[in-house]
Amino acid sequence: MELVLRAILSVLLPWQAVGYTLRVCSWNLLAQEYIRPAKYPWCPPTALDWESRKAGIEAQISKLDAGVLCLQEVDVRLWSDLCELLERNGYSRGILQDTKNHPVATAVFLHDKLPMEVHRVESRSRALIVCLDSTTAGGMDFLSSTANPVKPIYVCSLHLEAGMSSDHAEKRFSQLKSLWRRLKNQMRIDGVTEDDASVILAGDFNMRKSDPMYTTLQSGSLEAPKEAQKRKKGPTKVPKKIPKFVDVFRSSAVLMNAKEDDDGLSARLLKTHFCGEIIDFVMVSDAIGVQNSLIPNPWAATTRRQMIPCNSFPSDHLPIGADVTVSL
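Every residue gets a number counted from 1 within its own chain, in the order that chain's sequence is written. Where local features are concerned, this predicted model is filtered to residues with pLDDT of at least 70; where side-chain atom pairs are given and counted, the filter is 80 or more; whole-chain, interface and lining totals use all residues. As a convention, hydrogens and water are excluded, and side-chain values are obtained from all of the structure's heavy atoms.

(A) Main features of the overall build of the protein. Along the protein, the regular secondary structure elements total seven helices and 14 strands. Partly exposed residues are those whose accessible area sits between 20% and 50% of the maximum for their type, while under 20% is buried and over 50% is exposed, using a 1.4 Å probe and protein chains only. Classification of the 328 residues of the protein by burial places 55% in the buried group. Contacts were defined at the residue level, with two residues in contact if any of their heavy atoms lie within 4.5 Å. Sequence-distant contacts in the protein: of pairs separated by 6 or more residues, those separated by 24 or more amount to 72%. Put simply, the protein shows about 14500 Å² of open surface, and 53% of that area lies on carbon and sulfur atoms. Numbering of helices and strands runs from the N terminus; a helix is a DSSP stretch of H or I covering at least four residues, while a strand is a stretch of E covering at least two. Working definition of accessibility: Shrake-Rupley area with a 1.4 Å probe, residue cover restricted to the visible protein chains.

(B) The sheet that holds strand S7 (residues 153-159), seen in detail. Any two strands between which DSSP finds at least two bridges are classified as paired. One open sheet holds the six strands; their spatial order is S5-S6-S7-S8-S12-S11, and the pairing between them is mixed. Bordering the open sheet on either side are strand S5 (116-123) and strand S11 (245-247), each of which pairs with just one other strand. Adjacent strand axes in the sheet meet at a mean angle of 20° when their direction is disregarded. Here S7 pairs with strand S8 (residues 198-204) via seven bridges, running parallel. Within the sheet, the bridge partner assigned to Val155 lies in S8 and is Ile200. Where helix H4 (residues 166-190) meets the sheet, its contacts fall on S5, strand S6 (127-134), S7, S8 and S11, and the angle it forms with S7 comes to roughly 165°. Interaxial angles span 0 to 180 degrees and are taken between N-to-C directions of axes, which are lines fitted to C-alpha atoms, for helices over the stretch in contact.

(C) Here's a closer look at helix H3 (residues 79-87). Restricting attention to buried positions, one finds in H3 the residues Trp79, Leu82, Leu85 and Leu86. Taken end-on, H3 shows its buried residues confined to a sector of 125°, consistent with a single buried face. In this description, the arc belongs to the directions extending from the helix axis to the C-beta atoms.

(D) The arrangement of the environment of Pro296 in detail. Within the secondary structure, Pro296 is located in the loop between strand S13 (288-294) and strand S14 (320-326). Distance in space between the C-alpha atoms of Pro296 and Ile320 is 6.5 Å, their sequence separation being 24 residues.

(E) Here's a closer look at the confidence of the model for the protein. Residues at a pLDDT of 70 or more form 80% of the protein, whose mean pLDDT is 84. Scored between 0 and 100, pLDDT is the confidence that the predictor attaches to each residue. Between the elements of the protein, mean pLDDT differs from a low of 45, seen in helix H1 (residues 2-12), to a high of 98, seen in strand S2 (residues 68-75). Confidence drops under a pLDDT of 50 for residues 136-149, and excluding neighbours within four residues, the segment shows 36 contacts in the predicted structure. Segment residues 259-266: pLDDT under 50, and 10 contacts once partners within four positions in sequence are set aside and those in other chains are kept.

(F) Spotlight on the environment of Ala322. Looking at the element boundaries, Ala322 is found in strand S14. Separated by 29 residues in sequence, Ala322 and Ser293 place their C-alpha atoms 4.1 Å apart. Not counting the four nearest positions on each side in its chain, Ala322 is found in contact with Leu22, Arg23, Val24, Val248, Asn292, Ser293 and Leu294.

(G) Examining the layout of surface pockets more closely. Here the largest pocket defines a volume of roughly 590 Å³. Buried and open spaces are told apart on a 1 Å grid over the protein atoms alone, a cavity being a set of points where a 1.4 Å probe fits but cannot get out and a pocket being an open set with protein on both sides within 12 Å along at least five of seven lines. Residues with an atom within 4 Å of a point are the lining residues. Glu73, Arg126, His159, Ala162 and Asn206 are, among the 32 residues lining the largest pocket, the residues nearest its centre. The biggest single contributor to the lining of the largest pocket is strand S4 (residues 104-110), with three residues. Residue classes in the lining of the largest pocket are distributed as 10 nonpolar, 12 polar and 10 charged. Grid points are joined across faces, edges and corners, and a volume is the space filled by probe spheres set on the points. All amino acids are sorted into three groups, where Ala, Val, Leu, Ile, Met, Phe, Trp, Tyr, Cys and Pro are nonpolar, Asp, Glu, Lys and Arg are charged, and the leftover types, Gly among them, are polar.

(H) Structural context of the side chain of Ser285. Looking at where Ser285 falls in the secondary structure, it is placed in strand S12 (residues 280-285). Among the residues examined, Ser285 registers a relative accessible area of 2% and is labelled buried. Here a polar contact is taken to be a pair of N or O atoms separated by no more than 3.5 Å, where protein atoms must pair a possible hydrogen donor with a possible acceptor and residues adjacent in sequence count only if both atoms sit in side chains. Side-chain polar atoms of Ser285 contact the backbone oxygen of Ala197, separated by 2.8 Å. Discounting residues that sit within four places of it in the chain, Ser285 has contacts with Ala197, Ser198, Val199, Lys244 and Phe245.

(I) A look at the pattern of salt bridges. Salt bridge, as applied in this entry: a Lys or Arg side-chain nitrogen positioned within 4 Å of an Asp or Glu carboxyl oxygen. Tallied over the full model, the rule gives 15 salt bridges. Here Lys100 ties to Asp98 by a salt bridge, and the two come within 3.4 Å at their closest N and O atoms. Exposure remark for Lys100: the relative accessible area of 66% places this residue in the exposed category. A residue is classified by how much of its surface remains accessible, and Asp98, at 43% relative accessible area, is partly exposed. With a closest N to O distance of 3.7 Å, Lys184 and Glu194 form a salt bridge. Placement of the pair is Lys184 in helix H4 and Glu194 in the loop between H4 and S8, with a sequence separation of 10 residues. On the basis of relative accessibility, which here comes to 21%, the residue Lys184 falls in the partly exposed class. Given the relative accessible area of 26%, Glu194 is considered partly exposed.

(J) Here's a closer look at the packing of aromatic side chains. Here is the rule: rings of Phe, Tyr and Trp (six-membered ring for Trp) pair when centre to centre is within 6.5 Å. Planes less than 30 degrees apart are stacked, more than 60 are edge-to-face, and the remainder are tilted. Tallied over the entire structure, the rule returns nine aromatic pairs. Relative to Phe313, the ring of Trp27 has its centre 5.8 Å away and its plane inclined at 50°; by these criteria the two rings are tilted. You can see Trp27 sitting in strand S1 (residues 20-28) and its partner Phe313 sitting in the loop between S13 and S14, a full 286 residues away along the chain. Judged on exposure class, the residue Trp27 and its partner Phe313 are both buried.

(K) The environment of Trp27, seen in detail. Overall, the relative accessible area of 1% leaves Trp27 in the buried class. When the C-alpha positions of Trp27 and Glu73 are compared, they lie 8.9 Å apart, and in sequence the two are 46 residues distant. Setting aside anything within four residues of it in sequence, one finds Trp27 in contact with Ile57, Gln60, Ile61, Cys70, Leu71, Gln72, Phe313, Pro314, Ser315, His317, Leu318 and Pro319.

Okay, here's the thing in structure tokens:
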């Protein structure tokens with residue numbers, strides 16, 4: 001019945017194609033479990049304590065003004081602490097990945113003003129899938145349309161395998177392949193086609209833009225790195241087709257706006273990690289439009305190695321985000 005209603009609404013209310021806008025942000029918090037002072041010799045040991053870092057995390061999150069917040073490297077044992085911190089900033093709805101007793105997880109938080117509800121959640125080994133539906137409209141700060149119902153939005157907070165070897169790349173491919181298989185199952189349940197699905201992939205991909213998988217995601221395929229390398233030398237088997245994913249910092253709208261503004265800052269993301277490289281991404285499927293990309297911290301617009309964490313910043317990753325438009 002719901003699918004029939006959506007079809008009727010799309011005919012009677014064609015203006016809905018404009019959709020609505022929400023802000024999605026992603027940040028790897030740096031798990032307390034993983035902190036080794038020797039890795040960050042510039043940082044005073046006291047600044048690496050959880051009690052010290054909590055204040056810094058709260059200060060950063062309060063600036064993001066996100067409707068959907070995807071977090072990585074969340075300490076499971078400190079979950080209640082993190083929830084309390086986020087609730088003070090308007091995020092009383094937190095979903096933690098089921099890690100099967102692993103001490104570190106990914107998570108998704110929804111702002112209280114976001115008129116969307118979680119109707120399904122699924123945990124994978126390196127990702128959390130949260131399927132969102134709209135609720136009855138009213139007092140919408142994050143949405144520009146009051147229409148209801150809408151198509152589901154599939155939000156994936158992911159933290160893929162770390163490491164730059166070919167074996168690590170193959171592992172990341174396997175993790176993304178598993179994630180896509182489960183997303184397809186979610187779409188079947190909801191009666192949504194792959195090409196029409198609104199999917200957000202946000203998190204620590206642990207890969208550079210030079211990684212073949214980054215390119216294949218942009219081109220609408222999911223291909224093992226070894227197969228991608230073979231393709232350069234000649235014909236090989238056809239890669240698995242998926243919807244094209246757009247890196248929000250490379251979307252045409254963002255690049256055009258940056259050129260018009262003559263500063264390029266919104267498009268000039270140059271690093272997300274203290275090592276000086278981009279390994280964190282927000283990617284959206286073709287069904288989602290990108291209005292603006294967000295660099296909440298100006299350090300991300302420089303290439304130099306950043307001495308973080310430090311007294312004024314609690315993580316070795318920098319947050320990123322985007323304002324995206326989801327069609328109804």
